[in-house]
Amino acid sequence: MTDERSAGVDDLRARLRAVASRVGEAARLADRDPAGIRTIVVTKFHPASLVRDLATLGVTDVGENRHQEAQAKALELADLDLSWHFIGQLQSKKARQVRAYADAIHSIDRAALVDALRSDETSIDCFVQVNLTDDPGRGGVAPDELEGLVEHVLATPGLRLLGLMAVAPLDEPARPAFARVRELSERFVLPMAPEARSLSMGMSHDLEDAVAEGATHLRIGTAITGNRPIAG
Ligand SMILES: *Cc1c(COP(=O)(O)O)cnc(C)c1O
């Protein structure tokens, strides 16, 4: 077992290398250039010090899923040149605060959130999250409402749509689920926004399936950070 409280820099370095080699091998099998696949290290529940260690190892992209925690870390680490990716469910009333420190929001899932993120001054990268399950509590827009939401994002100033985001369902194999995301992108995103080709999908245990189906942004937590400390 890993000692979670003190994942040392050497552990982190070894795990970063192991993940990079998994990504490289998956890219090779899919005949893809690994340079087109960005790894976001998900640091939720871990202290800012771990993020700082990751930065010394060359990590540039970090992911967080809770606003207060993300805001505190981004503030504490403002001296570092990191890109912060917000990947969790987001309340509309917190949207503007998240905009202030996040470089990208992966969890756009409803029109009210899009409206709350509107800005005439600055632009933020975003992904529309698709729900691959029948459980609305899992976050993401239902596939049959995707097209309307994408249109709404494209019509809203201050949002730059990069593509789609999804989390694989727990009760089915990941690969066909990720294939559905790719198909949804081809059907409902690319005809309206040909530049919004990115796919944010793939986590510690299913990154190979995601790369095989075209993921451009992997969100990797435990495979790099070790197990998360138990939330309070
Ligand atoms: C926690 C989380 C991840 C990372 O999961 P791991 O299994 O630890 O790699 C990825 N995406 C989202 C949305 C998450 O909440």
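Scope of this entry: the structure provided in the associated data block.

Scoring rules and cut-offs
- Residues numbered from 1 in each chain as written.
- Predicted model: local features only at pLDDT ≥ 70, side-chain atom pairs only at ≥ 80, totals over all residues.
- Heavy atoms only, no water.
- Buried < 20%, exposed > 50% of the residue type's maximum accessible area, 1.4 Å probe, protein only.
- Helix = DSSP H or I, 4+ residues; strand = E, 2+ residues; numbered from the N terminus.
- Arc of directions from axis to C-beta.
- Contact = heavy atoms within 4.5 Å.
- Polar contact = N/O pair within 3.5 Å; in protein donor to acceptor, adjacent residues only side chain to side chain.
- Pairing = 2+ DSSP bridges.
- Right-handed = clockwise from strand over helix to strand, strands pointing away.
- Core = buried A, V, L, I, M, F, W, Y, C linked by side-chain atoms within 4.5 Å.

### Quick look at helix H3 (residues 67-76)
Then, in step 1: Buried residues of H3: His67, Glu69, Ala70, Lys73 and Ala74, and no others. Down the axis of H3, the buried set is contained in an arc of 165°. They therefore lie on one face. Among the exposed residues of H3, those pointing more than 90 degrees away from its buried face are Gln68, Leu75 and Glu76.
Then, in step 2: As for H3, its buried residues are in contact with helix H2 (48-56), strand S2 (61-64), strand S3 (83-86) and helix H4 (95-101).

### A short note on the environment of Ile224
Then, in step 1: Looking at the element boundaries, Ile224 is found in helix H9 (residues 222-225).
Then, in step 2: Sequence separation between Ile224 and Glu186 is 38 residues, and the spatial gap between their C-alpha atoms is 31 Å.
Then, in step 3: In this structure, Ile224 is in contact with Leu12, Arg15, Leu16, Val19, Thr39, Val41 and Leu54, ignoring residues within four places of it in sequence.

### A few points about the side chain of Ser204
Then, in step 1: Position of Ser204 among the secondary structure elements: in the loop between strand S7 (198-200) and helix H8 (207-212).
Then, in step 2: Here Thr222 takes part through its side chain, which lies 3.3 Å from a polar atom of the side chain of Ser204.
Then, in step 3: A polar contact is formed between the side chain of Ser204 and the backbone nitrogen of Ala223, at a distance of 2.9 Å.
Then, in step 4: Apart from the residues within four sequence positions on either side, Ser204 is in contact with Arg22, Arg219, Ile220, Gly221, Thr222 and Ala223.

### Quick notes on the pairing of strand S6 (residues 159-165)
Then, in step 1: The buried fraction of S6 amounts to six of the seven residues, a majority that puts the element mostly inside the structure.
Then, in step 2: For strand S5 (residues 124-129) and S6, the ladder comprises six bridges, and the chain directions are parallel. Directly across from Ile124, in S6, lies its bridge partner Leu159.
Then, in step 3: For the crossover from S5 across helix H6 (residues 146-154) to S6, the handedness is right-handed.
Then, in step 4: Of the strand pairs in this sheet, S6 and S7 are connected by three bridges, and their pairing is parallel. When the sheet's bridge partners are listed, Gly163 is paired in S7 with Ser198.
Then, in step 5: Each parallel crossover has a hand, and the one from S6 via helix H7 (residues 174-189) to S7 is right-handed.

### Brief notes about the nonpolar core
Then, in step 1: Among the nonpolar cores identified, the biggest contains 64 residues, and Ile105, Ile108, Val128, Leu146, Leu164 and Leu218 are the most heavily contacted of them.
Then, in step 2: Per-element tally for this core: the top contributor is H7, with seven residues.
Then, in step 3: Setting aside chain neighbours within four positions, we find Leu146 in contact with Val128, Val130, Val141, Leu164, Leu184 and Phe188.

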